[in-house]
Amino acid sequence: MATSRDDVISGSKAAARLREAAIEVFAENGYGGTTTRQIAARLDMSPAAMYPHYKSKEELLYAIGYEGHDLALRVVQDADIPDADATERLTTIIRRFAEWQAENHSRARVVQYELTALTPEHYRVITGLRRRTTQVVRDVVDAGLASGEFTVPDAEGVTLALMSLCVDICRWYPSGRYQDPETIGALYADLALRLVGAVH
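Reading guide: rules and limits
Residues numbered from 1 in each chain as written. Predicted model: local features only at pLDDT ≥ 70, side-chain atom pairs only at ≥ 80, totals over all residues. Heavy atoms only, no water. Axes fitted to C-alpha atoms, helices over the stretch in contact; angles between N-to-C directions. Helix = DSSP H or I, 4+ residues; strand = E, 2+ residues; numbered from the N terminus. Parallel < 35°, antiparallel > 145°, perpendicular 65-115°, else oblique. Left-handed = near helix turned anticlockwise from the far one by under 90°. Contact = heavy atoms within 4.5 Å. Nonpolar A, V, L, I, M, F, W, Y, C, P; charged D, E, K, R; others polar. 1 Å grid on protein atoms, 1.4 Å probe; cavity = no way out; pocket = protein on both sides within 12 Å on 5 of 7 lines; lining within 4 Å. Points joined across faces, edges and corners; volume = space filled by probe spheres on them. Expected span 1.5 Å × (residues − 1). Buried < 20%, exposed > 50% of the residue type's maximum accessible area, 1.4 Å probe, protein only.

S.K.: How would you explain the packing of helix α8 (residues 155–167) against helix α10 (residues 181–195) if you had to name every residue and give the values?
M.R.: Relative orientation of the contacting elements α8 and α10 amounts to 165 degrees, with a least axis distance of 11 Å. With respect to α10, the element α8 is oriented roughly antiparallel. Regarding α8 and α10, the two cross each other, and that crossing is right-handed. Contacts between α8 and α10 involve V158, L162, L165 and C166 on the former and, on the latter, Y188, A192 and L195. Grouping the constituent residues of the contact of α8 with α10 by class yields 7 nonpolar, no polar and no charged.

S.K.: Can you explain the layout of surface pockets? Please cite residues and give values.
M.R.: Empty space within the largest pocket amounts to approximately 200 Å³. Forming the boundary of the largest pocket are 15 residues, of which Q112, R130, T134, M163 and V167 lie nearest the centre. Only α4 (57–79), α5 (86–103), α6 (105–113), α7 (120–147) and α8 provide two or more residues apiece to the lining of the largest pocket. Examining the composition of the lining of the largest pocket, we find that 4 residues originate from one element, α8, more than from any other.

S.K.: Tell me what's going on with α7, and back it up with residues and numbers.
M.R.: Between its terminal C-alpha atoms α7 stretches 40 Å, which fits the 40 Å expected from 28 residues at 1.5 Å a residue. Buried within α7 we find H122, V125, I126, T127, G128, L129, T133, V136, V137, V140, V141 and G144. Where α7 is buried, its residues touch α4, α5 and α8. Just downstream of α7, G148 is the residue with a positive phi angle, here 90 degrees.

S.K.: Mind laying out unusual backbone geometry, listing which residues take part and the relevant values?
M.R.: A negative phi angle characterises most non-glycine residues, just as the trans form characterises most peptide bonds. Cis peptide bonds are those with omega within 30 degrees of zero, and the linkage from Y173 to P174 qualifies with -10 degrees. Turning to its location among the elements, P174 is positioned in the loop between α9 (169–172) and α10. One non-glycine residue with positive phi stands out, namely D44, at about 55 degrees. Structurally, the position occupied by D44 is in the loop between α3 (36–42) and α4. Residue D44 is classed as exposed on the basis of its relative accessible area, which comes to 75%.

Right under this line is the structure:
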């Protein structure tokens, strides 16, 4: 089974348009409440036009899930500043990760909440990407504990709490006065430092 990004994510414009249309419909109706006909109709295409790119609705969901989790991994990796202290690293990672979740809330909702529809093989690939993303944050938490910047009794637990806070943004965003991704990023960065017991 293909597990590299280039193998899973087709670079063709037609395939990319199908993924974007599917994200919209899945976010609106849920995976189970969506048909391939509805996805094709969003693009004024016949249902058969999808199959040269994706053999099934599940394969399309897998491509969306892989692309979304790959993007999320890149976001946290790119936000990290390995030479900085742990406080700054955690601040920049959580701020950017929270912003990305808000900016991409429809995509995030699909990739976070529709994974149970994947085949076991596809699910394992996606959860592998999730673990790599979580590990970036865990490494920073561990670094902060080692340096004395953070004071938490359970590094694994606080890492899961930090990740859960961020990925859940897609469930409620936008809401009330929280319409701006940068505002959310700043709020969540502050919450992250409080969770790890950092002095700031």
